Amino acid sequence: MGSLGFQARPLSVPGSCRVDFGAEVTGVDLNNLSEEDFKLLRDCLYTSQVVVVRDQQALTPRAQYELTRRFDPETDIYGHGKTIDKRSILHKDLKTIPHQPQVQVIGHGFVDSFEGLENIQLKHPHHNTFHKYPVSAEEDDDCTHFYRWHIDAALYDLNPPLVTSLLAVTVPKGRRQICRWDDGTGAELDVPLGTTAFFSGYRLYQMLSEEDKEFARTSRVEYAAHPYVWISSAHARSNGLGLFSEGLEIPDDKLPPIEVAKIKTYPMVWKNPVTGEYALMVYGIPMRRIHLESGEVLDNLAEIRERIYKLQRPGIDPELIYPHDWEEGDLVLFNNHGVMHSVVGSFRDGETRIFRQCNLAASRTPLGPDTN
Ligand SMILES: [Fe+2]
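The present account deals with the structure reproduced in this document. What you see is a predicted model, and the numbers here were worked out from it, not measured in a lab.

## Notes on the pattern of salt bridges
Point 1. In this structure the tally under the stated criterion is 28 salt bridges.
Point 2. As a salt-bridge pair, E351 and R175 come within 2.8 Å of each other at their nearest N and O atoms. Here the residue E351 occupies a position in the loop between β20 (339–343) and β21 (353–359), and R175 occupies one in the loop between β8 (163–170) and β9 (176–180), the gap between them amounting to 176 residues.
Point 3. Under the relative-accessibility criterion, R175 is labelled buried at 14%.
Point 4. Residue R313 is joined to D183 by a salt bridge in which the shortest nitrogen-to-oxygen separation is 2.7 Å. Placement of R313 in the loop between α6 (301–312) and β18 (322–324) and of D183 in the loop between β9 and β10 (188–192) is noted, with a sequence separation of 130 residues between them.

## Quick look at empty space enclosed by the protein
Point 1. Inspection of the entire model under this criterion finds 7 cavities of 30 Å³ or more.
Point 2. Looking at the largest cavity, its volume works out to about 430 Å³.
Point 3. Forming the boundary of the largest cavity are 31 residues, of which I106, H150, D152, V343 and Q357 lie nearest the centre.
Point 4. By residue number, the principal contributor to the lining of the largest cavity is β21, which donates 4 residues.

## Re the state of the cysteines
Point 1. This model, assessed by the stated rule, comprises 0 disulfides.
Point 2. With no disulfide of its own, C143 lies closest to C179 among cysteine sulfurs, the gap being 9.4 Å.
Point 3. For C143, a relative accessible area of 11% gives the class buried.
Point 4. For C179, a relative accessible area of 0% translates into the label buried.

## A look at the side chain of N239
Point 1. When you line up the elements, N239 lands in the loop between α5 (227–230) and β13 (265–267).
Point 2. Its relative accessible area of 0% is what places N239 among the buried residues.
Point 3. Side-chain polar atoms of N239 contact the backbone nitrogen of L241, separated by 3.1 Å.
Point 4. The residues contacting N239, other than those within four sequence positions of it, are F146, W149, W181, D183, Y309, R313 and I316.

## Some points on unusual backbone geometry
Point 1. Its identity is not glycine, yet D157 carries a phi of approximately 75°, on the positive side.
Point 2. A relative accessible area of 37% means that D157 is categorised as partly exposed.
Point 3. Here H226, not a glycine, exhibits a phi torsion of approximately 45°, which is positive.
Point 4. You can see H226 is positioned in the loop between β12 (220–223) and α5.
Point 5. Look at H226 and you get buried, because its relative accessible area is 17%.

## Brief notes about the sheet that holds β10
Point 1. As summarised here, the arrangement of the 3 strands in space is β7-β9-β10, forming an open sheet in which the pairing is mixed. Sheet topology places β7 (143–144) and β10 at the edges, where each strand pairs with a single neighbour.

## Comments concerning the packing of aromatic side chains
Point 1. Applying the stated criterion across every chain yields a total of 13 aromatic pairs.
Point 2. Seen from their ring centres, F146 and W149 are 4.7 Å apart, and the 45° between their planes marks the pair as tilted.
Point 3. By relative accessible area, F146 is classed as buried at 1%.
Point 4. A relative accessible area of 1% means that W149 is categorised as buried.
Point 5. Note on Y228 and Y283: the rings are 6.5 Å apart at their centroids and 45° apart in plane angle, and the pair reads as tilted. Of this pair, Y228 sits in helix α5 while Y283 sits in the loop between β15 (278–280) and β16 (287–291), and the two are 55 residues apart along the sequence.
Point 6. For Y283, a relative accessible area of 1% gives the class buried.
Point 7. Of note, R148 hangs over the ring of F130, and the distance from its end group to the ring centre comes to 4.9 Å.

Conventions and cut-offs
- Residues numbered from 1 in each chain as written.
- Predicted model: local features only at pLDDT ≥ 70, side-chain atom pairs only at ≥ 80, totals over all residues.
- Heavy atoms only, no water.
- Salt bridge = Lys/Arg side-chain N within 4 Å of Asp/Glu carboxyl O.
- Helix = DSSP H or I, 4+ residues; strand = E, 2+ residues; numbered from the N terminus.
- Buried < 20%, exposed > 50% of the residue type's maximum accessible area, 1.4 Å probe, protein only.
- 1 Å grid on protein atoms, 1.4 Å probe; cavity = no way out; pocket = protein on both sides within 12 Å on 5 of 7 lines; lining within 4 Å.
- Points joined across faces, edges and corners; volume = space filled by probe spheres on them.
- Disulfide = S-S within 2.5 Å.
- Polar contact = N/O pair within 3.5 Å; in protein donor to acceptor, adjacent residues only side chain to side chain.
- Contact = heavy atoms within 4.5 Å.
- Pairing = 2+ DSSP bridges.
- Phe/Tyr/Trp six-rings, centres within 6.5 Å; stacked < 30°, edge-to-face > 60°.
- Lys NZ or Arg CZ within 6 Å of the ring centre and 35° of its normal.

Here it is in C-alpha cells:
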C-alpha cells in the first residue's frame, strides 16, 4: 500500500505550556506501515519524543506489538519480563492480553470481556497507595497528584524499552482535576481526568548548570535488585518525583534471590540516537547507588535521592509538562530514553478507562554520552 501522505505537526498545548516536544502525525496506516512511513515515524519520534496518531481504534494488539517492536527488532519480550513478582508495586496494574503477551491492558473499572480477558477488574493507580501525603479524601474528587514520574523499565535483568505505545480504547470524558505539586511551590495544573503527563529529559539537561552537566555526563546510576519489590513499602513525595528516605526499603535478605549479574548500572545521561542530544534520564525511585567518574561510590540513600531530586525538580515546572488529553483511538508513542512520564488522576466508581500498553525490553543498553 502506498503512503497516505505522512505529515507531522507540533502538538497543540495549553496556553501556559512551554514544552518543546510532541507531534501529531497524520496520513499513516499503522496496520500496514510501509518501510518509508516507518522511517519518517521513527525520525519524528526521535525529534519530537512524543507522537500522537489519532483514530487508531482499528489497530489490533498484534499490529500494536509489531509497530512497537519495529523500533527495536532484536527484542521480543515485554519490558517487565514474563512474570512480575506478586509483591512488586507493578503487579496490580497490569493485565496481559492472552494472545499477545507483550501487550498489557491497563485502566479502571470492571470489564466483562476484552481481547480474550473475561471479567477483569482494572484499577487506575491512585497516588494514595504510594504517596506519604496524599490529597485528602474530601478533595480527592477535584484534586490529584502526579502518581510517579518514571521511565518504563524493569531496571533489573532487562534493559529499558526504547519506545512505549499506548492506545486509548475507552476514555471517560468531560471531567477535569487540579493536579497539585504540594511541594511547597504552590504549583498546580488543570488537567483532564486520567491524563498522562510527560517532561523532556533533553530540556532538563539543557537547564542544568555546567557543573551539574559535568556531574551528570560522567556519573552512573546503579539500580536496586528487584527494585519494585525493594521499594514496595516506601512512600513518594507529593509531586511524584522520588521517595522519602524513611528506611522502609525491603532488606536484601527479604527480596527474591539476587543475581548480581542482573543488577543494572546506566549512565545518567542518555544520548538521542537521531539528534545526538543529551537527556538527563535518572529514575530516582529505584536508584540504589551513584558511581562517580573517580570510582567513588555514593550509597547514602537519603543523600543521593536529595541530590538527584534537586537536579530533576526544575524539569517538572508546570510550563514544562505536556499533559495529554486522551481521545478514544489515540495511539501515543514515546521515546522512553528521552522523556519521563506519570500516570495522573483519581477515578470514581463507574468511570471506565481501557488502554493497551506495549513496550519491549531493549536489545541494548541506553546510549551513554560518549557513544559514537
Ligand atoms: Fe509508564
